[in-house]
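This is what each chain is made of:
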Amino acid sequence: PYKVPGNLRWTRIGELSTLYRGVSYKKQDAHTQKNNQDYLILRGGNILEGTIDVETNDNVYVHQNLVQNEQLVQKYDIIIVSSTGSSKVIGRAGISHKDYTDVAFGAFLTLVRPNNNVVKPFIAYYFQSNLYRNRIRDLASGININNIKASYITESPIPFPPAHEQQRIVDRIESLFAKLDEAKQKAQDALDSFETRKAAILHKAFTGELTAQWRKEHGVG
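### Details of the nonpolar core
The nonpolar side chains of a soluble globular protein tend to be buried with one another.
For step 1, the next point in the chain: Of all hydrophobic cores here, the largest spans 25 residues; its most connected members are Ile13, Ile78, Ile80, Ile123 and Phe127.
For step 2, the next point in the chain: The greatest single-element share of this core, amounting to 5 residues, is contributed by helix H1 (residues 120-126).
For step 3, the next point in the chain: In contact with phenylalanine 127, not counting residues within four places along its chain, are Ile13, Ile78, Ile80, Ala93, Val112, Tyr132 and Ile153.
For step 4, the next point in the chain: If you look at the next biggest cluster of nonpolar residues, it comprises 14 residues, including Ile52, Tyr61, Val103 and Leu109.

### Some words on helix H4 (residues 163-205)
For step 1, the next point in the chain: Across its 43 residues, H4 extends 62 Å between first and last C-alpha, which sits within 8% of the 63 Å expected from 1.5 Å per residue.
For step 2, the next point in the chain: The sharpest bend along H4 measures roughly 35° and falls at phenylalanine 194.
For step 3, the next point in the chain: Contacts made by the buried residues of H4 are with H1 and strand S11 (157-160).

### Observations regarding the layout of surface pockets
For step 1, the next point in the chain: Within this model, the largest pocket holds a volume of roughly 360 Å³.
For step 2, the next point in the chain: Surrounding the largest pocket, 16 residues form its lining, Phe122, Tyr125, Tyr126, Ser129 and Ile173 being those nearest its centre.
For step 3, the next point in the chain: Among the elements of the structure, H1, S11 and H4 are those that each provide at least two residues to the lining of the largest pocket.
For step 4, the next point in the chain: Split by residue class, the lining of the largest pocket holds 12 nonpolar, 4 polar and no charged.

### Things to note about the pairing of strand S10 (residues 109-114)
For step 1, the next point in the chain: The element S10 is extensively covered by neighbouring structure, given that 6 of its 6 residues are classed as buried.
For step 2, the next point in the chain: The alternating pattern of S10 places Leu109, Leu111 and Arg113 on one face and Thr110, Val112 and Pro114 on the opposite face, and all of these are buried.
For step 3, the next point in the chain: For strand S7 (residues 78-81) and S10, the ladder comprises 4 bridges, and the chain directions are antiparallel. In the sheet register, isoleucine 80 faces S10, and the bridge partner there is threonine 110.

Calculation rules
The residue numbers shown here count from 1 along each chain, following its written sequence. Only residues with pLDDT of at least 70 get local features here, since the model is predicted, and only at 80 or more are side-chain atom pairs given and counted; chain-wide, interface and lining totals rely on the full set of residues. As a convention, hydrogens and water are excluded, and side-chain values are obtained from all of the structure's heavy atoms. Throughout, nonpolar core names a set of buried Ala, Val, Leu, Ile, Met, Phe, Trp, Tyr and Cys residues whose side chains join them through atoms within 4.5 Å. In this scheme, a residue with accessible area under 20% of its type's maximum is buried, one over 50% is exposed, and one in between is partly exposed, where area comes from a 1.4 Å probe on protein chains only. Put simply, DSSP H or I for four residues or longer makes a helix, DSSP E for two residues or longer makes a strand, and each gets a number counted from the N terminus. Should any heavy atoms of two residues lie within 4.5 Å, those residues are considered in contact. One less than the residue count of a helix, multiplied by 1.5 Å, gives the span that helix is expected to have. What is called the bend at a residue is the angle between a pair of axes, fitted to the seven residues leading up to and ending at it and to the seven starting from it. Using a 1 Å grid laid over the protein atoms alone, points where a 1.4 Å probe fits but cannot get out form a cavity; open sets with protein on both sides within 12 Å along at least 5 of 7 lines form a pocket; any residue with an atom within 4 Å of a point counts as lining. Grid points are joined across faces, edges and corners, and a volume is the space filled by probe spheres set on the points. Polar here means any residue outside two lists: the nonpolar Ala, Val, Leu, Ile, Met, Phe, Trp, Tyr, Cys and Pro, and the charged Asp, Glu, Lys and Arg; Gly therefore counts as polar. Between any two strands, pairing holds if DSSP finds at least two bridges.

These results come straight from atomic positions and should not be treated as a statement about function.
Listed below in structure tokens is the structure:
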């Protein structure tokens, strides 16, 4: 897609990871209250950009016997919405930030699990990049699909550096993200105080305090 530095080489996601299909279950097998031997089944509503939400109001659970071990969500797994009626949601990729012993994923999702010989966060962050997003958007808009074929993911191109460089890139990403999060929090704090400060200004305006110094300087009582 574009020229990369000499220590990077273009490869494809399928060379660096394994794809897994989600859990298939019948409607009568699913319920909204978790029993002792149940697993949570992630669905489209659980998948957010860059993360997953295991505490939605409409979670679905099935008995653990319906779930295979490889379908349990692991740290740095990428869970992709691969079938949906929404063109805005198709291809959305959430990243698991921990290992789960009781969370799997449904048939309308696809799980990408980075191989053990790569720096897994590097692969996970790729799915938040415009390189991946633009590819999926182009494929979806080009043929008006609601389903992502496995090949759309496995054939996705990725610039791939040596392992030590992968880790340096990940460390740099996380350092910059931490600074962004800090800036976001400061901006939110300022926004939260906006209404309070606005009310305080209006209070001073209608109690005379706002122009007290002007009146003093001009001898106005």
